[in-house]
Every structure is written in C-alpha cells, then in structure tokens.
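Descriptive structure summary
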Amino acid sequence: GKVEIRAKIPDGDWLWPAIWMLPGDDSYGPWPMSGEIDIMEGVNLQVKNDISLHTLNGCKHPDAAAQPFETGNLVSTDCFNQTDFNQGCIVEVATAGYGADFASAGGGVYAMLWNDTGLTFWFFQRGSIPADLPTTNPNPAGWGNPTAYYPQSSCDFNTFFKPQTFIIVRLFFRVHGNRN
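Below is a short write-up of the structure. Keep in mind that this is a model prediction, so the values were computed, not measured.

**Some remarks on the state of the cysteines**
- Within this structure, the stated rule accounts for 2 disulfides.
- Two residues share a disulfide in this structure: C59 and C155, whose sulfurs sit 1.9 Å from each other. Around the S-S axis, the bridge from C59 to C155 shows a dihedral of about -105° and counts as left-handed. Of this pair, C59 sits in the loop between β3 (50–54) and β4 (73–76) while C155 sits in the loop between β8 (148–151) and α2 (157–160); the two residues are 96 residues apart in sequence, bridging distant segments of the chain. With respect to burial, C59 and C155 carry one shared label: buried.
- Of note for the protein chain: the bonded cysteines, numbered N- to C-terminal, pair according to 1-4, 2-3.

**Structural notes on unusual backbone geometry**
- Of note, the bond from W31 into P32 is cis; its omega dihedral lies within 30 degrees of zero at 5°.
- Turning to its location among the elements, P32 is positioned in the loop between β1 (15–22) and β2 (36–41).
- Look at F85: it is not a glycine, yet its phi comes out positive at around 55°.
- Considering the arrangement of structural elements, one finds F85 in the loop between β4 and β5 (89–92).
- On the basis of relative accessible area, F85 is assigned to the exposed category, the value being 86%.
- Even without a glycine there, the phi angle at A96 is positive, about 40°.

Quick notes on the rules
Sequence order as written defines residue numbering, which begins from 1 separately in each chain. At least 70 in pLDDT is required for a residue's local features to be given in this predicted model, at least 80 for side-chain atom pairs to be given and counted, and no such filter applies to totals for whole chains, interfaces and linings, which use all residues. Hydrogens and water are ignored here; the side-chain numbers use all heavy atoms of the structure. The disulfide criterion is simple: two cysteine sulfur atoms within 2.5 Å. Numbering of helices and strands runs from the N terminus; a helix is a DSSP stretch of H or I covering at least four residues, while a strand is a stretch of E covering at least two. Only protein chains enter the calculation, and the probe is 1.4 Å; a residue is then buried if its accessible area is under 20% of its type maximum, exposed if over 50%, and partly exposed in between.

Next up, the structure:
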C-alpha cells in the first residue's frame, strides 16, 4: 500500500521535528525490540537529515564499499541501540534534506519502499520529484539510485521489525534560566 504524509517542517533553534516509525504499542515488547525507523530526524540547527534504524543487536547496514550506488553518506553501520549511545545505523542525506536548506529549497519528498529485499529510501528536492511518485501507481524502478538502502541480507526485517506506526513529531524545547 501507499501512505502519503504532507507536513510543514519547522526549522530553528530548540526544535526537534521528526518522522519516525515505531510499533503502536508494546505488544511485541519494549523499545527497541520491535525496531525504529527514522525517515527524517534532526534537532536544533542541524543541517543534514539522518535516515536511521535502531534495533536489537544483529542488524547492520553494509559498509559503503558494498553499496556504492547509495547517494547518501554512510555515517554508521551498526543499528544496535547500545552502540555509540543509540546512534543507530545512519545514512545522511547529502543535500537540502533537513533544516534551513530544506526550507529554502521549498521542501522535498521522502519516499520509502519496504519489501522482501529490504528498506529503500529516496529523497527528492522540489523540482526533481518523479512524475509518477504522487500517482496511485508509483514505480520506484525509475527513480534512480536510492539515498539509503538497508538490505534484508544484512538485517532480517522479520526478526528486528514488527508492524510500524508513523509518528510525526514537532517538538519545541524552551529552557528557563541561564544557558551557561
């Protein structure tokens, strides 16, 4: 099936806008037993978007040499939530995918395909969105190289992920008192 989300993403200091996927409840066990998929996430004045997965031990993103077709920048390969303070396995969107650059470019579109081969993500800047993407029959085969690809062969999605629910976050933090 196809899900379309349209959101105006704020940017600025003390903000934490995000589009995540998590199970809707703890029926499969507490986080991260059912996995977490971060499609768009950043905090404060961050300038690049991190697409990431957070899982139990054993899910990985292949090394960059194994996937030279990805257009994003591989930051980390271990999805285990206890590695590097829950960093997750991250592919950073290379251009205007978050924050002020995203806003000044007029936004863009994130697309995700979850099938038997794995999880595939694309980011398209405004003006380069495939014509078939907003239709009822999008065809990812014609969209070019993905921004990020997490293959089933390096992360068994049947083991590490359970049914997911979209979570759209627009958090604003205000600190009272001194910032020293």
